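# Residue-level structural notes
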Amino acid sequence: MPLITFDESLYRITGRPENKEEIGFDVYENYLSNIIELIETTYKNRFLLNAIKNTENMKQNTSISPDYLKRFLFLGWNTECLVRINDVRSDIELLRVNNQWKPIQVYYSIYSLCEASNYSLTLQKLESHSKCLRQMSEYFAKTSFRPWSCSFKGYSGNKRIPSTILPINFSQGINIPNSLKRQGITSEEALACCLKAEHNHRINDYKPKKGQTLKYLYDPKNTSLLHFLYRLRIKSNYKDVGVFLANAPDEKIASFSKNLTSICSYTNALNEIIIARKIGKTSMLKIMNEFIKKHQNTTPIEKRLKIYNSSLAQ
């Protein structure tokens, strides 16, 4: 085994995390890898076409304000383009440092498009992280768009009152493994582990005031992938910065970065298709073209625009 320097760690050399921060990074990297695996095995390179087909019965709403939509779409798209800037670099140290900031960028990009998507569905101008995540999680739970439709609901209970926490839109009898298990589990099981843990975090974060629901009876409702991404944003921005700077193996550092980018693109594309259905293809393509003309390095937006142009009905 080579000598360990200040720039190395046992985790980087052996792939086995040793301390709390390394374990945290390894768990999050594993969650992200399995989420992408679930998407890719579910849709088999036909994600956009599947989303287009499964939204074809949505009805347009002529009351939607394009200017309000553009505000959030432009914010989200601009941030998505920033997310990708360092993806093309081969410098693993740059990726490692960038991984501390990337969950923040990815979350804000997705949140912005979720605000636009929710407005197109409900005409509600929420401009609230908690309300937007709650409403979009409830919306996705009624759809077939995995993994966004998957969630957990229920309260934790106590010694006298049984827990009601249940998986939503997972396979019947889904096994929920330990977060440290790496062998013999499916991508769906890893997602279940991730979302159940996040549901428990949301319950633990709840601080009831006088007259409010007791903590063990508090149900935060659908805990979805959106809430997990919000958790990553909070941890990387405030609470656990060191987790995202862990001196991990090169392939895990690159995987964390790449999979966050992919989740951002998939989620934004799903919201774009929903919005296009509500405002019409012509209006949506007009907004996308306007963004592309005003900005540089808009490759992901341009690629999706071409597919919408050829595959979305008017």
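See above for the structure.
Notes on the structure in this doc start here.

How each quantity is defined
- Residues numbered from 1 in each chain as written.
- Predicted model: local features only at pLDDT ≥ 70, side-chain atom pairs only at ≥ 80, totals over all residues.
- Heavy atoms only, no water.
- Phe/Tyr/Trp six-rings, centres within 6.5 Å; stacked < 30°, edge-to-face > 60°.
- Helix = DSSP H or I, 4+ residues; strand = E, 2+ residues; numbered from the N terminus.
- Buried < 20%, exposed > 50% of the residue type's maximum accessible area, 1.4 Å probe, protein only.
- Expected span 1.5 Å × (residues − 1).
- Contact = heavy atoms within 4.5 Å.
- Arc of directions from axis to C-beta.
- Axes fitted to C-alpha atoms, helices over the stretch in contact; angles between N-to-C directions.
- Parallel < 35°, antiparallel > 145°, perpendicular 65-115°, else oblique.
- Left-handed = near helix turned anticlockwise from the far one by under 90°.
- Nonpolar A, V, L, I, M, F, W, Y, C, P; charged D, E, K, R; others polar.

Below, the discussion takes up the packing of aromatic side chains. Evaluated as defined, the whole model comprises 19 aromatic pairs. Summarising the aromatic geometry, the rings of Phe-74 and Trp-77 are spaced 6.2 Å apart at their centres and angled 35 degrees between planes, so their arrangement reads as tilted. With Phe-74 and Trp-77 both in helix α4 (residues 66-83) and three residues apart, the pair spans about one turn of that helix. Like Trp-77, Phe-74 is buried. Look at Tyr-107 and Tyr-230: their rings are 5.3 Å apart centre to centre, the planes differ by 65 degrees, and that puts the pair in the edge-to-face class. Taken together, the residues Tyr-107 in helix α5 (residues 92-122) and Tyr-230 in helix α8 (residues 225-239) connect sequence positions 123 residues apart.

It is worth spelling out α4 at this point. In a regular helix each residue adds 1.5 Å, so 18 residues correspond to 26 Å; α4 covers 25 Å between its end C-alpha atoms and thus fits that length. Residues of α4 that are buried: Tyr-68, Leu-69, Lys-70, Phe-72, Leu-73, Phe-74, Gly-76, Trp-77, Thr-79, Glu-80, Cys-81 and Val-83. For α4, the elements touching its buried residues are α5, α10 (250-279), α11 (281-294) and α12 (299-311).

Moving on: helix α6 (residues 129-141). If you check α6, its first and last C-alpha atoms are 18 Å apart, about what 13 residues at 1.5 Å a residue would give, namely 18 Å. Buried within α6 we find Cys-132, Leu-133, Met-136, Ser-137, Phe-140 and Ala-141. When α6 is viewed along its axis, its buried side chains cluster within an angular range of 155 degrees and face the same direction.

We now examine the packing of α5 against α6. A pair of packed helices is characterised by two quantities: the angle between their axes and the separation of those axes. Relative to each other, α5 and α6 sit at 65 degrees, their axes nearing to 9 Å. In terms of their interaxial angle, α5 and α6 are classed as roughly perpendicular. Crossing angle aside, the handedness with which α5 passes α6 is left-handed. Within the contact between the two elements, α5 uses Tyr-107, Tyr-108, Tyr-111, Cys-114, Glu-115, Ser-117, Asn-118, Leu-121 and Thr-122 and α6 uses His-129, Cys-132, Leu-133, Gln-135, Met-136 and Tyr-139. Looking at side-chain class alone, the contact of α5 with α6 contains nine nonpolar, five polar and one charged residues.

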